[in-house]
Amino acid sequence: MTARADLELQLRGPVAALDQLSDAEAAELLSMFRDARQAETAGLAEVVDGLVGALPWPLRTAAKKIMFGNRLG
């Protein structure tokens, strides 16, 4: 797959503005998009761990799995 196709997949569909990007620009935008997603997930996991940390110890893991499943690692 090309960077443009991967980017369209990440954006869940074609975006007309992507036609104006070179292959290098599309690859750079894809990299930035993936980095932003990773940072967002890491930040969310940190906040959730802080929130769940307020619960009694036996409930922490169960509450996190019920609320978020395996999405936060």
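Only a predicted model underlies this, so the values are computations on that prediction, with no experimental measurement involved.

Here we take up the packing of helix 1 (residues 3–10) against helix 2 (residues 23–52). Packing of helix 1 against helix 2 brings their axes to within 8 Å, and their N-to-C directions diverge by 35°. For the element pair helix 1 and helix 2, the recorded crossing hand is left-handed. Mapping the contact onto sequence places A3, R4, D6, L7 and Q10 in helix 1 and D23, A26, A27, L29, L30, F33, R34 and R37 in helix 2. Residue classes in the contact of helix 1 with helix 2 are distributed as seven nonpolar, one polar and five charged.

On the surface, L51, I66 and M67 cluster together into a nonpolar patch covering about 340 Å² of accessible area. Within the secondary structure, M67 is located in helix 3 (residues 57–68). For M67, a relative accessible area of 40% puts it in the partly exposed group.

A few words on helix 3. For an α-helix, the turn length of 3.6 residues means that residues three or four places apart are oriented alike. Between its first and last C-alpha, helix 3 extends 18 Å over 12 residues, near the 16 Å set by a 1.5 Å rise per residue. Note on helix 3: the residue one or two positions beyond its end, G69, has a positive phi of about 60°.

Right, let's get into helix 1. Burial in helix 1 covers these residues: R4, D6 and L7. The buried residues of helix 1 occupy one face: seen down the axis, they fall within an arc of 160°. Close packing links the buried residues of helix 1 with helix 2. Among the residues trailing helix 1, R12 stands out with phi positive, at a value near 60°.

The predicted coordinates ought not to be read in detail in places where the model reports low pLDDT. Mean pLDDT over the protein chain works out to 88, with 99% of the residues at or above the 70 mark. When the elements of the protein chain are averaged for pLDDT, helix 3 gives the smallest value, 86, and helix 2 the largest, 91.

This part is about the side chain of R4. Residue position: R4 is located in helix 1. Among the polar contacts listed, one links the side chain of R4 to the side chain of D23, at a separation of 3.3 Å. Excluding residues within four positions of it along the chain, R4 makes contact with L18, D19, L21, S22, D23 and A26.

Criteria and cut-off values
- Residues numbered from 1 in each chain as written.
- Predicted model: local features only at pLDDT ≥ 70, side-chain atom pairs only at ≥ 80, totals over all residues.
- Heavy atoms only, no water.
- Axes fitted to C-alpha atoms, helices over the stretch in contact; angles between N-to-C directions.
- Helix = DSSP H or I, 4+ residues; strand = E, 2+ residues; numbered from the N terminus.
- Left-handed = near helix turned anticlockwise from the far one by under 90°.
- Contact = heavy atoms within 4.5 Å.
- Nonpolar A, V, L, I, M, F, W, Y, C, P; charged D, E, K, R; others polar.
- Patch = residues over 30% accessible without salt bridge, like charges linked within 9 Å, V, L, I, M, F, W, Y side chains within 5 Å.
- Areas by Shrake-Rupley, 256 points an atom, 1.4 Å probe, with all protein chains shown as cover.
- Salt bridge = Lys/Arg side-chain N within 4 Å of Asp/Glu carboxyl O.
- Buried < 20%, exposed > 50% of the residue type's maximum accessible area, 1.4 Å probe, protein only.
- Expected span 1.5 Å × (residues − 1).
- Arc of directions from axis to C-beta.
- pLDDT = per-residue confidence, 0-100.
- Polar contact = N/O pair within 3.5 Å; in protein donor to acceptor, adjacent residues only side chain to side chain.

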